[in-house]
Amino acid sequence: MAGPRAGWSAARIVALAADLVALIIVVWIVLDLLDANGSNAVVQWFHDAATWLAGWSIGIFHLSRHWAQVIVDYGIAAVVYLVAGHALARLLTRL
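For every chain, the first residue of its written sequence is number 1, and the numbers climb from 1 along that sequence. Two thresholds apply to this predicted model, a pLDDT of at least 70 for residue-level local features and 80 or more for giving and counting side-chain atom pairs, whereas whole-chain, interface and lining totals are computed over all residues. Only hydrogens and water are set aside when side-chain values are computed; all heavy atoms of the structure are taken into account.

1. What to know about the environment of Ala50
Our working definition: By the criteria applied, helices consist of DSSP H or I runs no shorter than four residues and strands consist of E runs no shorter than two, each listed in order from the N terminus. Here the term buried applies to any residue with accessible area under 20% of the maximum for its type, exposed to any over 50%, and partly exposed to those in between, with areas from a 1.4 Å probe on protein chains only. In this analysis, two residues are considered to be in contact whenever any of their non-hydrogen atoms come within 4.5 Å of each other.
Turning to its location among the elements, Ala50 is positioned in helix 2 (residues 41–54). On the basis of relative accessible area, Ala50 is assigned to the buried category, the value being 0%. In this structure, the C-alpha to C-alpha distance between Ala50 and Ile24, residues 26 residues apart in sequence, is 6.2 Å. Ignoring anything within four residues of it in the chain, the contact list for Ala50 reads Ile24, Ile25, Trp28, Gly55 and Tyr74.

2. Here's the deal with the side chain of Asp73
Rule in force here: Counting rule for charge: Lys and Arg are taken as positive, Asp and Glu as negative, and neither His nor the chain ends is counted. Salt bridges are identified by distance alone: a Lys or Arg side-chain nitrogen within 4 Å of an Asp or Glu carboxyl oxygen. Here a polar contact is taken to be a pair of N or O atoms separated by no more than 3.5 Å, where protein atoms must pair a possible hydrogen donor with a possible acceptor and residues adjacent in sequence count only if both atoms sit in side chains.
Along the polypeptide, Asp73 turns up in helix 3 (residues 66–94). Although Asp73 lies buried, it forms no salt bridge, and the closest oppositely charged side chain, Arg65, sits 15 Å away as judged by the N-O distance. At 3.1 Å, the side chain of Asp73 and the backbone nitrogen of Gly59 are in polar contact.

3. What to know about the side chain of Gln69
Topologically, Gln69 is positioned in helix 3. On the accessibility criterion, Gln69 (14% relative accessible area) is buried. In terms of polar contacts, Gln69 uses its side chain to reach the backbone carbonyl oxygen of Phe61, at 2.7 Å. At 2.6 Å, the side chain of Gln69 and the backbone nitrogen of Leu63 are in polar contact.

4. Here we look at the nonpolar core
Heads up, the condition is: To qualify as a nonpolar core, a set must consist of buried Ala, Val, Leu, Ile, Met, Phe, Trp, Tyr and Cys residues joined through side-chain atoms within 4.5 Å.
Core analysis: the biggest nonpolar cluster contains 16 residues, and Ile24, Ile25, Trp28, Ile29, Ala50, Leu53 and Tyr74 have the highest contact counts within it. Only helix 1 (10–33), helix 2 and helix 3 provide two or more residues apiece to this core. When near neighbours in sequence (up to four residues on either side) are disregarded, Tyr74 contacts Ile25, Trp28, Ile29, His47, Ala50, Thr51, Ala54 and Ile58.

Here you go:
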């Protein structure tokens with residue numbers, strides 16, 4: 001019989017999902033800062049996914065430098081997903 005710590009718990013799944021979402025956003029930040037080819041299908045996928053995931057944080061601040069704008073717009077979302085996801089995972093482990 002499996003105990004509460006066996007296999008994939010809900011907390012692990014939530015933490016992994018938060019990590020995956022943040023990773024997608026960070027990959028997009030790096031691709032944008034490295035001026036990746038926007039017509040490439042992989043680059044476009046990361047752009048679309050990150051923009052959808054971070055849509056709520058884009059434009060909160062207006063900065064004059066493109067690189068700073070990208071880091072702030074998408075970085076806020078990545079940090080919020082990580083913090084909220086791991087906080088929820090910790091809460092789930094206590095249940």
